[in-house]
Amino acid sequence: MVETIEERAAPGKLASRGTGSATLQPLPSVSPEGQQRINVPIAEFNRVLGGGLVPGSLVLIGGDPGIGKSTLILQAAGVLGDAQHPVVYVSAEESAHQIKLRADRLQVRGDNILLLSETNLDVILGSIDSITPALVVIDSIQTVMLDEISSAAGSVSQVRECTSRLLQWAKPRNIPVFVIGHVTKEGTIAGPRVLEHIVDAVLYLEGERFHQYRILRAVKNRFGSTDEVGVFEMADVGLREIENPSEAFLEERALIAAGSTVAVTMEGTRPILVEVQALATPTAFGLPRRSANGLDTSRLQLLVAVLQKRVGLGLGTHDVYANVVGGLRIHEPAVDLPVAIAIASSIREIPVNRTVAMIGEIGLSGELRSVNQLDRRINEAARLGFTRVIVPKGGGAKIDRSQAIEIVRCANVSEAIEAALG
Ligand code: TYD
Ligand code: MG
């Protein structure tokens, strides 16, 4: 049961039912000129927003607690607005003192930032109505509340009504609002998911809390593509942009190790090379375990089944662990082949050459299926000095002549394992 605010019809409204009128506008007569976007000087962030922040838009930034949402937004706040049009940072979660400490750490001077420590949303909106802020930040939506609703802050009804109130406030004033929302394992219901349909854009900041990399991903964007990701690194002075994610993800690769392969995954329009690791060890007791980090566990189970049945690997008596290095989560099937070869490499104890990358989706009969944007992936591998790439037979890729890379086309997973492990 979710509490909602009862809408009181304005006097006279009922009587006029069906008699009102509004102007209809033919589509071609609508001016195509969009609003001027606000350029966020953090390039990775700007790209995920779709090339700038649209005035009047409500942007939800979700993520696990402690992942760096407040850090990212404070960094953005530090470079937006000016003294006339300040950024209003409403923090119901932390004291002004804590924010000041963080700002010092991030080297954000903050001449353009006004802080507000308040939880009552009506009071918040009332206090900022007299100024024209360049941007309003609500940190976080789970801590603000409306008096009309009796349930606690953070409940579904509070979170939802507060967000629609913010929307009603922001749209006519053309002021963008960043709403920070925590996603928690237990509290996903009251978290940002219930807001996804209300807001204009939903960005998630992901990553492993104890890894340095953070990925900013758009899952909804009314003003841009949801394909783009921004890659950051959490440093002692806040989030640092990673312009060359592949190099960063491959940096710590061991010289020779069985069970390690390099995958080329597309994150939006950008190819990113990552290391995929697998470990197959004899099961000590009971059912063999299949555990995946950064990959879908059911996909791993499927790949193990294909390797057992189509390649004849004896995985029925082995636990299989698979891991994407650096905290990236890969959802696309192009990583199937690197995972399968990493498993084969681990169980056979044969390392894959360091300069080999691989791409391909695996079907249930063990066939390799082509993936999208193969040429861009191959080019990126070549650019990073890989000398050989194993790809599916189908799908012709045009390769830049200036870059030397041997392309090995395989029809099925057995051939690919042969090509990789010799
Ligand atoms: P924070 O932005 O407070 O997370 P959220 O708002 O998503 O809950 O950041 C949390 C973590 O980031 C904190 O554990 C410490 C780390 N951190 C750094 O490593 N470097 C920094 O410069 C800052 C500000 C935070
Ligand atoms: Mg925070």
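Nonpolar side chains in soluble globular proteins tend to be buried together. Counting 48 residues, the largest nonpolar core has L337, V339, I343 and I390 as its most contacted members. Ranked by the residues each element gives to this core, the list is headed by helix α8 (residues 336–348), at 7 residues. Among all residues touching L337, those that are not within four sequence positions of it are M358, I359, G360, I362, L368, I390, V413 and A416. Core analysis: the second largest hydrophobic core is formed by 33 residues, I67, I99, I113 and L205 among them.

Taking 1.5 Å per residue as the helical rise, helix α7 (residues 297–311) with its 15 residues ought to reach 21 Å, and the 20 Å between its terminal C-alpha atoms agrees with that figure. Of the residues making up α7, those classed as buried are L300, L303, V304, V306 and L307. Down the axis, α7 shows its buried residues gathered within 160 degrees of arc, on one side only. Directly beyond the C-terminal end of α7, a positive phi value near 80 degrees is found at G312.

In this section: empty space enclosed by the protein. This structure, assessed with the given rule, holds 2 cavities of 30 Å³ or more. Its boundaries defined by the atoms lining it, the largest cavity holds a volume of some 90 Å³. Taken together, 13 residues make up the lining of the largest cavity; nearest its centre are R253, A257, S260, V352 and R354. No other element matches the 3 residues that strand β10 (residues 260–267) contributes to the lining of the largest cavity. The residue makeup of the lining of the largest cavity, split by class, is 7 nonpolar, 3 polar and 3 charged. By volume, the second largest cavity is sized at about 40 Å³.

Before going further, it helps to spend a moment on the pattern of salt bridges. Pairing between side chains becomes possible if they bear opposite charge and their charged atoms approach one another. In the structure shown here, the tally under the stated rule is 19 salt bridges. Linking D200 and R222 is a salt bridge whose minimum nitrogen-to-oxygen distance equals 2.8 Å. In this pair, D200 is assigned in the loop between β5 (177–182) and β6 (201–206) and R222 in the loop between β7 (213–221) and β8 (229–235), connecting sequence segments 22 residues apart. Since its relative accessible area comes to 2%, D200 is described here as buried. Here R388 and E406 are joined by a salt bridge, their closest N and O atoms 3.2 Å apart. Linking R388 in strand β17 (residues 388–392) with E406 in strand β18 (residues 406–410), this pair joins segments that are 18 residues apart in sequence. You can call R388 partly exposed: its relative accessible area is 24%. Overall, the relative accessible area of 43% leaves E406 in the partly exposed class. Taken together, the shared-partner salt bridges in this structure form one network comprising E44, R47, E228 and R270.

Overall, mixed pairing links the 7 strands, which are arranged β12-β13-β11-β10-β14-β17-β18 in an open sheet. In this open sheet, the two strands that pair with only one neighbour each are β12 (290–293) and β18. Averaged over all adjacent pairs, the angle separating strand axes in this sheet is 25 degrees, with direction ignored. Relative to β17, strand β14 (residues 356–358) runs parallel, the two being bridged by 3 bridges.

With that settled, the discussion passes to the pairing of strand β3 (residues 113–116). One ladder, built from 4 bridges, connects strand β2 (residues 87–91) with β3; its direction is parallel. Bridge pairing links Y89 to L115 in β3. As for the winding sense of the linkage, the β-α-β connection from β2 through helix α3 (residues 96–105) to β3 is right-handed.

Looking now at the layout of surface pockets. A volume near 290 Å³ is recorded for the second largest pocket. Around the second largest pocket sit 16 residues that line it, and G66, G68, T71, R102 and M234 are the ones nearest its centre. Put simply, the parts of the chain that give the lining of the second largest pocket at least two residues each are α2 (69–78), α3 and β8. For the lining of the second largest pocket, the leading source of residues is α2, giving 3 residues. Looking at the lining of the second largest pocket, its residues break down into 5 nonpolar, 6 polar and 5 charged.

Take the site of ligand 1 next. Taken together, 17 residues are adjacent to ligand 1, and G66, S70, T71, R102 and A235 come closest. At 3.0 Å, a backbone N or O of G68 approaches an oxygen atom of ligand 1. Between ligand 1 and A235, the relevant distance is 2.7 Å, taken from a nitrogen atom to a main-chain nitrogen or oxygen of the residue. In isolation ligand 1 offers 560 Å² of accessible surface; the protein chains occlude 78% of this area. Applying the majority rule of atoms within 2 Å of the grid points places ligand 1 in the second largest pocket. Taken together, the elements giving at least two residues each to the shell around ligand 1 come down to α2, α3 and β8. Of the residues forming the shell around ligand 1, the biggest block, 3 residues, is contributed by α2. Split into classes, the residues belonging to the shell around ligand 1 amount to 6 nonpolar, 6 polar and 5 charged.

Helix α5 (residues 156–173) packs onto helix α4 (residues 121–128) with a crossing angle of 15 degrees between their chain directions and a minimal axis gap of 11 Å. In this view, α4 runs roughly parallel relative to α5, as classed from their interaxial angle. For the element pair α4 and α5, the recorded crossing hand is right-handed. Across the interface between the two elements, L121, D122, L125 and I128 of α4 pack against C162, R165, L166 and W169 of α5. When grouped by side-chain class, the residues that make up the contact of α4 with α5 number 6 nonpolar, no polar and 2 charged.

Conventions adopted
Residues numbered from 1 in each chain as written. Chains lettered and ligands numbered in written order. Predicted model: local features only at pLDDT ≥ 70, side-chain atom pairs only at ≥ 80, totals over all residues. Heavy atoms only, no water. Core = buried A, V, L, I, M, F, W, Y, C linked by side-chain atoms within 4.5 Å. Buried < 20%, exposed > 50% of the residue type's maximum accessible area, 1.4 Å probe, protein only. Helix = DSSP H or I, 4+ residues; strand = E, 2+ residues; numbered from the N terminus. Contact = heavy atoms within 4.5 Å. Expected span 1.5 Å × (residues − 1). Arc of directions from axis to C-beta. 1 Å grid on protein atoms, 1.4 Å probe; cavity = no way out; pocket = protein on both sides within 12 Å on 5 of 7 lines; lining within 4 Å. Points joined across faces, edges and corners; volume = space filled by probe spheres on them. Nonpolar A, V, L, I, M, F, W, Y, C, P; charged D, E, K, R; others polar. Salt bridge = Lys/Arg side-chain N within 4 Å of Asp/Glu carboxyl O. Pairing = 2+ DSSP bridges. Axes fitted to C-alpha atoms, helices over the stretch in contact; angles between N-to-C directions. Right-handed = clockwise from strand over helix to strand, strands pointing away. Near = heavy atom within 4 Å. Polar contact = N/O pair within 3.5 Å; in protein donor to acceptor, adjacent residues only side chain to side chain. Areas by Shrake-Rupley, 256 points an atom, 1.4 Å probe, with all protein chains shown as cover. Sits in = over half its atoms within 2 Å of the grid points. Parallel < 35°, antiparallel > 145°, perpendicular 65-115°, else oblique. Left-handed = near helix turned anticlockwise from the far one by under 90°.

That's the geometry; what it means functionally is another story.
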